Amino acid sequence: MENNRICIVGLGYVGLTLAMHAIRNRYEVHGIEILEDTYDIISSGSTHFHEPGLDELLKLSLGKNFFIHKDIPKNIDFDVFVITVGTPLVRGQKYPDMDVLENAIDSVTPFVSEDNLVILRSTIPVGTSRLIAKKFAETQKLSKANVSFCPERTAEGQALVELQSLPQIISGNCVEATDMARRFFEPLTDEVIEANSLEEAELIK
């Protein structure tokens, strides 16, 4: 990416660990967190779960190359949006609650262009990424939107190690999206593996 500026929507376990790993690799990271308690904890320089090394990275980076917001800043151009919000199962059912993800998609939509990339790392039903790409393009009146599904596979307690050592699986709805995802992840990991399609990457998750 040209200026290495990324926006991570959702600062739970997946989002915050990725954010701290990215700042170690010279990315400027802006995190979006709408939950008041979580926002307050992180903005005070503390983490809301235990992960070795995370607290120290947060304290060193907050206000320097890591910034936290409640809404996506309108005055900043981002190369990459990464959506990492949770999709828990509906209580008593076997299908995910997509409300939080849909809200995150709606918040990102006004900022989507043909020049940036949206990476999905939430657990979603197969086929969802392609529908989201179509929604972005139609809503923003674009010839295409660049969307990549890149599954998160780290184990708690090992995230900062495994984000570097585990192969990162990427995909895209078009060649440009896949290339952009590769350029984003190559500085972050020892190996990048390209899935054949969005749907294959969703299945791997």
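Now for a quick tour of the structure. (Residues numbered from 1 in each chain as written. Predicted model: local features only at pLDDT ≥ 70, side-chain atom pairs only at ≥ 80, totals over all residues. Heavy atoms only, no water.)

**Description of the overall build of the chain**
Each helix and strand counted, the chain has eight helices and eight strands in total. Taking 2.2 N^0.38 as the reference for a compact globule, 205 residues should give roughly 17 Å; the C-alpha atoms of the chain span a radius of gyration of 16 Å, in line with that estimate. Taking the principal axes of the C-alpha coordinates as reference, the chain spans close to 45 × 40 × 35 Å. Each of the 205 residues in the chain was classed as buried or not, and the buried ones make up 50%. Pairs at least 24 residues apart make up 71% of the contacts formed inside the chain by residues separated by at least 6 positions. Counting every atom, the chain has about 9900 Å² of accessible surface; 50% of that belongs to carbon and sulfur. (Helix = DSSP H or I, 4+ residues; strand = E, 2+ residues; numbered from the N terminus. Rg over C-alpha atoms; globule rule 2.2 N^0.38 Å. Buried < 20%, exposed > 50% of the residue type's maximum accessible area, 1.4 Å probe, protein only. Contact = heavy atoms within 4.5 Å. Areas by Shrake-Rupley, 256 points an atom, 1.4 Å probe, with all protein chains shown as cover.)

**Quick look at the side chain of asparagine 116**
Within the element layout of this structure, asparagine 116 appears in the loop between helix 4 (99-108) and strand 5 (117-120). Among the polar contacts listed, one links the side chain of asparagine 116 to the backbone nitrogen of serine 113, at a separation of 3.0 Å. Once residues lying within four places of it in the same chain are set aside, the contact partners of asparagine 116 are Phe78, Asp79, Phe81, Phe111, Asn146 and Met180. (Polar contact = N/O pair within 3.5 Å; in protein donor to acceptor, adjacent residues only side chain to side chain.)

**Description of the environment of serine 107**
Position of serine 107 relative to the elements: it lies in helix 4. For serine 107 and aspartate 71, which are 36 residues apart along the polypeptide, the C-alpha to C-alpha distance reads 8.0 Å. Leaving out residues up to four positions away in the same chain, serine 107 has contacts with Val9 and Ile72.

**Some points on the packing of aromatic side chains**
Under the definition given, this model contains five aromatic pairs. A centroid spacing of 5.2 Å and a plane angle of 55° characterise the contact between tyrosine 13 and phenylalanine 49, whose relative ring orientation is tilted. Within this pair, whereas tyrosine 13 is found in helix 1 (residues 13-24), its partner phenylalanine 49 is found in the loop between helix 2 (36-43) and helix 3 (54-61), the two being separated by 36 residues in sequence. Each member of the pair, tyrosine 13 as well as phenylalanine 49, is classed as buried. (Phe/Tyr/Trp six-rings, centres within 6.5 Å; stacked < 30°, edge-to-face > 60°.)

That is the geometry; function is a separate question.
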